[in-house]
Amino acid sequence: MNLTLKEIAEQLKKLKSAVIFCHMRPDGDTLGAAMGLCSLLRANGTRCSVVCESPVPQKFFFLEGMDRIGNRPEAGAEAYIAVDVSETHRLGTLCETFERAKKPKFNIDHHISNTRYADHNYVDDCAATCEIIAEMAQYFDRPLDPLTANYILLGLSSDTGNFSHKNVTEKTFLAAAKLVACGADINTIQYNMFRKQSAARAKLYGRTMSDIRYFDEGRIAFISVTRRQLQECGATSDVTEGFIDFPLSVDGVEVALCLLEVGDERFKISLRSKGKTDVNAVASVYGGGGHILASGCMLQGSLEEVIDRLRYTVEQYLES
């Protein structure tokens, strides 16, 4: 069932207990949306918790509570809620738990590729799922406290590339302004998400960007990060968030792709477009999806095989 935002808020407010699910390999938007919604529900009297199959990266621990996100949902909870999850397999090992639960399930998301898999769905193709949570807050009786506002602003800021992506609108900025008015600290969020980095990340970043590969007269750019490179730099895979933005910034590049090795001949692919190419369509060829300008998928094969396949597919969608 597809609901309006007010309708889904009213349904959530009736819950006595709930578990909120983040997607695997969590980013700022799924974590911020989950923790922000959790805070809203707790203030409403709902017993609530947040779970994720993957460990939460330490870079998010600057916000209180992020280090207490669990990985096992409470079976006795009245309802399950997925946020920023376009399809259930994005829940990773928690997918089966979510799907088989004999209880109301909610789906709140901003991806155009969302499959409307829950009993109650609200999907809006906006800048971030946290933009939805910020708007939803008006239907709860209590004003946002500073920590809740920080959770939501975290997702809004991180998923928009510090408000630089093409899908940022007037509504996005208005939402951010209201969150700051509630006590959100934009300076702390931006420092921790966009400027602060470890020496290991800096080393990996330099190595990765020194080996950008260009195709189709410079319109396609690939970067890759292997498990060996991570080990040699003393880095973990979560530090690669944001790497994709650099090759996309190169003059002449229309589509940038980042290949992150996550298993034996298994790669997590991130795709970005400057606007002329629908990378959601490209990712959909391989069972992935997301947005027109930002999408992802998983591919099997050697590094060179994966690059060849993706290069061919992207070329089919590039404007001639």
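For clarity, every value in this text was computed on a predicted model and none was experimentally measured.

Draft legend 1. Region of interest: the pattern of salt bridges. Taken as a whole and judged by the stated rule, the model has 13 salt bridges. Here Lys13 makes a salt bridge to Glu10, at a shortest N to O gap of 3.6 Å. On the criterion of helical spacing, the pair formed by Lys13 and Glu10 is a turn pair, its members being three residues apart in helix H1 (residues 5-13). For Arg311, the salt bridge identified is with Glu315, shortest N-O distance 3.3 Å. In this pair, Arg311 and Glu315 both sit in helix H12 (residues 303-317), four residues apart, roughly one turn of the helix. Owing to a relative accessible area of 31%, Arg311 belongs among the partly exposed residues under this scheme. Three or more residues joined by partner-sharing salt bridges are found here, namely Glu10, Lys13 and Asp141.

Draft legend 2. Up close: the nonpolar core. One finds Ile20, Leu37, Ile81 and Ile108 to be the most contacted residues of the largest nonpolar core, which totals 54 residues. Ranked by residue count, the leading element in this core is helix H2 (residues 28-43), at eight residues. If we skip the residues at most four places from it in the chain, Ile81 touches Leu12, Leu15, Ala18, Val19, Ile20, Phe21, Leu37, Leu41, Phe98, Phe106 and Ile108. In this structure, Leu271, Val282, Cys297 and Val314 belong to the second largest nonpolar core, which totals 20 residues.

Draft legend 3. Local environment of the layout of surface pockets. Space inside the second largest pocket adds up to approximately 270 Å³. Taken together, Glu131, Ala134, Glu135, Ala137, Gln138, Leu144, Lys171, Leu174, Ala175, Lys178, Leu179 and Cys182 make up the lining of the second largest pocket. Among the elements of the structure, helix H4 (129-136) and helix H6 (170-181) are those that each provide at least two residues to the lining of the second largest pocket. Top contributing element to the lining of the second largest pocket by residue count: H6, with five residues.

Draft legend 4. Molecular detail of the sheet that holds strand S5 (residues 120-123). Pairing within the open sheet is parallel, and its five strands lie in the order S2-S1-S3-S4-S5. Either end of the sheet is taken by a strand with one partner, and the two such strands are strand S2 (47-51) and S5. The mean inter-strand angle of the sheet, taken between neighbouring strand axes irrespective of direction, is 15°. Taken together, the four bridges between strand S4 (residues 105-109) and S5 define a ladder with parallel strand orientation.

Draft legend 5. Examining the pairing of S2 more closely. Summarising the sheet, strand S1 (residues 17-21) and S2 pair through five bridges and their orientation is parallel. Paired with Phe21 across the two strands is Val51, which belongs to S2. Note on the crossover from S1 through H2 to S2: the handedness is right-handed.

Draft legend 6. Just the packing of H1 against H4, in detail. Put simply, H1 and H4 touch, their axes get as near as 10 Å, and they point 75° apart. Considering the angle they form, H1 stands roughly perpendicular to H4. Residues Leu5, Ile8, Ala9 and Leu12 of H1 touch H4, and the partners they reach there are Ile132, Glu135 and Met136. Taken together, the residues of the contact of H1 with H4 sort by class into six nonpolar, no polar and one charged.

Cut-offs and rules
- Residues numbered from 1 in each chain as written.
- Predicted model: local features only at pLDDT ≥ 70, side-chain atom pairs only at ≥ 80, totals over all residues.
- Heavy atoms only, no water.
- Salt bridge = Lys/Arg side-chain N within 4 Å of Asp/Glu carboxyl O.
- Helix = DSSP H or I, 4+ residues; strand = E, 2+ residues; numbered from the N terminus.
- Buried < 20%, exposed > 50% of the residue type's maximum accessible area, 1.4 Å probe, protein only.
- Core = buried A, V, L, I, M, F, W, Y, C linked by side-chain atoms within 4.5 Å.
- Contact = heavy atoms within 4.5 Å.
- 1 Å grid on protein atoms, 1.4 Å probe; cavity = no way out; pocket = protein on both sides within 12 Å on 5 of 7 lines; lining within 4 Å.
- Points joined across faces, edges and corners; volume = space filled by probe spheres on them.
- Pairing = 2+ DSSP bridges.
- Axes fitted to C-alpha atoms, helices over the stretch in contact; angles between N-to-C directions.
- Right-handed = clockwise from strand over helix to strand, strands pointing away.
- Parallel < 35°, antiparallel > 145°, perpendicular 65-115°, else oblique.
- Nonpolar A, V, L, I, M, F, W, Y, C, P; charged D, E, K, R; others polar.

It is worth stressing that arrangement in space is one thing and function is another; only the former is reported here.
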